[in-house]
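Secondary and tertiary structure notes
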Amino acid sequence: MSGTNAAGSITVTLDGTNKSTKLALKPGTIGPQVADIRKLYDELGVFTYDPGYGNTASCDSTITYIDGDVGVLLHRGYPIEQLAEKSSFLEVAYLLLNGELPTAAQKSEFELGVLRHNMVHEQLRSFYNGFRRDAHPMAVICGVVGAMSAFYHDSLDISNPEHRRIAAFRLIAKLPTIAAWAYKYSIGEPFMYPRNNLGYAENFLHMMNAVPPEEYKVNPVLARAMDRILILHADHEQNASTSTVRLAGSTGANPFACIAAGIASLWGPAHGGANEAVLKMLAEIGHVDNIKGFIERVKDKNSSVRLMGFGHRVYKNYDPRAKIMMNSCHEVLSELGIKGDPLLDLAMELEKIALNDEYFVQRKLYPNVDFYSGIILKAMGFPTSMFTVLFAVARTVGWISQWREQVEDPTQRIGRPRQVYTGAKQRDYVPLSQRG
Ligand code: CMC
């Protein structure tokens, strides 16, 4: 098969035949053109092969844009740096869901709407008792979020815009409560109910850290840092968990089931689980003197050790979120009076060495969002097992925005990739007595 460039199309010819087809090039607002291969099989009888979907656009989307070569991340056109500095998580949530920044009236109506939905159905509490105390909180939230579809029957009709709107509110509002309760359950403390006089990030910190007998005052610097961490994780285009949500959504599954699928997909160490893995890695390295030996192991083709928090499928440059996260990290440590945190020192030294090492330079491996987030979260008192949970709380906004966009897209079809079959050809069943 050979390809030739023509204005607005690619002509594909099947070598050794006189068969060819013209594939239209579909332009985006920004970013590379995309060859529309939908008629390739009908006209040439061939599929495309792209394991890991590194070269495949699976949908049209107006939500998030990434230019991985230069390290740009835009939500609805707004650079992540500006949103992290000037906006708030709930405003970003509104932006992702609705396409525009809210007016003052829209902002307060939205915030009130989210606040009004932050309690969970009281019967959902009993689900927690079914889990072992030592269950990973990701396992717990995966189960509890999936169970939401058994409770909120009045927001399951995906063809009804009002149901979709309420489901989005419920998910965004209740995830912090569900997540904080997973933590409280694991340490045997009473569940704290949300408070409507607190902002989104404050409320989460309150439900994580407060206990009933005492007044808990949320540190505003930490609340702001938490809000920023949530903004940085809010959406990231068609990553593995978002694609999982869309694939589940393409079957017509309800939004709670789809988000539970997204949480499961996020859990892996190559994706959202990396923040937890970074801290485990730093603990394993232990001391600056051990970095060299560790880097050698990472570079050794016979070892499966990776430098966690480094590398990205799309970013071949510094992940813009990692830079903001690093600055936030310094702010939080200074607010908490932590001087010369050994983990941060280790991370910074590791970063410096890796960024100058030929192995990483050649492969364009840079720190990603997870490299510094774990250090901040640890300093803020979060146990490592909660890091990915926090990512899930934030990403719920992106998932539900992407899910809504998909459901509202009239061209949407069930997601159904094909394969290269490499198994046995057709053969006849062999009776047991003749096998052997
Ligand atoms: N440490 C060492 N080598 C690496 C790393 C790493 N972290 N990442 C990629 N490489 C090497 C890899 O071995 C390969 O080398 P070679 O060409 O010699 O075989 C080359 O770089 C390309 O790697 P790849 O596995 O083909 O890249 P990918 O796009 O499939 O994987 C990734 C992307 C994020 C899964 C991978 O970089 C990785 O495993 N990173 C560590 C885990 C991590 O930090 N994940 C968080 C990603 S950002 C947040 C999120 O998405 O949730």
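Structure: see above.
Let me sum up the structure you'll find in this document. Each residue is numbered by its place in its chain's sequence as written, counting from 1. Residues qualify for local features only when their pLDDT is at least 70, as the model is predicted, and side-chain atom pairs are given and counted only at 80 or more; totals for whole chains, interfaces and linings, by contrast, use all residues. Hydrogens and water molecules were not included; the side-chain quantities draw on all heavy atoms of the structure.

**A look at the site of the ligand**
The test is simple: Nearness is judged by heavy atoms alone; a residue qualifies as near a molecule or strand once a single heavy atom is within 4 Å of it. Distance and chemistry together define a polar contact, namely a pair of N or O atoms within 3.5 Å, with one atom able to donate a hydrogen and the other to accept it when in protein, and with adjacent residues in sequence counting only for side-chain atoms on both sides. For every accessible area listed, the method is Shrake-Rupley and the probe measures 1.4 Å; residues are considered covered only by the protein chains on display. Gly falls in the polar group here, along with every residue not listed as nonpolar (Ala, Val, Leu, Ile, Met, Phe, Trp, Tyr, Cys, Pro) or charged (Asp, Glu, Lys, Arg).
Around the ligand, 22 residues are found, and the nearest of them are His271, Lys301, Leu307, Gly309 and Arg313. Between the ligand and the protein, one listed contact pairs an oxygen atom with a side-chain N or O atom of His271 at 2.6 Å. Out of a free accessible area of 940 Å², the ligand has 74% covered by protein chains. Across the shell around the ligand, the residue classes break down as 11 nonpolar, 6 polar and 5 charged.

**Structural notes on the nonpolar core**
Applicable threshold: To define a nonpolar core, start from buried Ala, Val, Leu, Ile, Met, Phe, Trp, Tyr and Cys residues and group those joined through side-chain atoms within 4.5 Å. Throughout this description, buried means an accessible area under 20% of the type-specific maximum (1.4 Å probe, protein chains only), exposed means over 50%, and partly exposed covers the range between. Only DSSP runs of H or I covering at least 4 residues are called helices, and only runs of E covering at least 2 are called strands; the numbering of each starts at the N terminus. Any pair of residues with heavy atoms lying within 4.5 Å of one another is described as a contacting pair.
If you look at the biggest cluster of nonpolar residues, it comprises 121 residues, and the most contacted ones within it are Met226, Met281, Leu282, Leu307, Leu350 and Phe382. In terms of residues, this core owes the most to one element, helix H7 (residues 161-187), which gives 14 residues. Leaving out residues up to four positions away in the same chain, Leu282 has contacts with Leu343, Leu346, Ala347, Leu350 and Ile375. Of all hydrophobic cores here, the second largest spans 6 residues; its members include Val12, Leu23, Leu44 and Val46.

**Describing the sheet that holds strand S5 (residues 64-67)**
Test applied: By this definition, two strands are paired if DSSP reports at least two bridges between them.
Taken together, the 3 strands give an open sheet; going across it, the order is S5-S6-S7, and neighbouring strands pair in antiparallel fashion. The sheet is open, and its two borders are formed by S5 and strand S7 (78-79), each paired with just one other strand. As paired elements, strand S6 (residues 72-75) and S7 share 2 bridges and run antiparallel to each other. In the strand pairing of S7, His75 is matched with Tyr78.

**Regarding the pattern of salt bridges**
Convention followed: The salt bridge criterion pairs a side-chain nitrogen of Lys or Arg with a carboxyl oxygen of Asp or Glu, the two atoms within 4 Å.
Taken as a whole and judged by the stated rule, the model has 19 salt bridges. Glu331 serves as the salt-bridge partner of Arg228, at 3.6 Å between the closest nitrogen and oxygen. In this pair, Arg228 sits in helix H9 (residues 220-232) while Glu331 sits in helix H14 (residues 320-335), placing the two residues 103 residues apart along the sequence. Residue class for Arg228 comes out buried when judged on its relative accessible area of 12%. On the basis of relative accessibility, which here comes to 43%, the residue Glu331 falls in the partly exposed class. When salt bridges that share partners are traced, they join Glu296, Lys299 and Asp357 into one network.

**Description of the state of the cysteines**
For clarity, the threshold we go by: A pair of sulfur atoms, both from cysteines and within 2.5 Å, is called a disulfide here.
A full pass over the atoms with the stated rule returns 0 disulfides. Counting only cysteine sulfurs, Cys142 is the nearest neighbor of Cys258, a cysteine outside any disulfide, at a range of 13 Å. For Cys258, a relative accessible area of 0% puts it in the buried group.

**Describing the side chain of Thr177**
Of note, Thr177 is situated in helix H7. When its relative accessible area of 0% is taken as the criterion, Thr177 is described as buried. Of note is the side chain of Thr177, whose polar atom sits 2.7 Å from the backbone oxygen of Asn118. Not counting residues up to four positions away in its chain, the partners in contact with Thr177 are Asn118, Val120, Pro194 and Met207.

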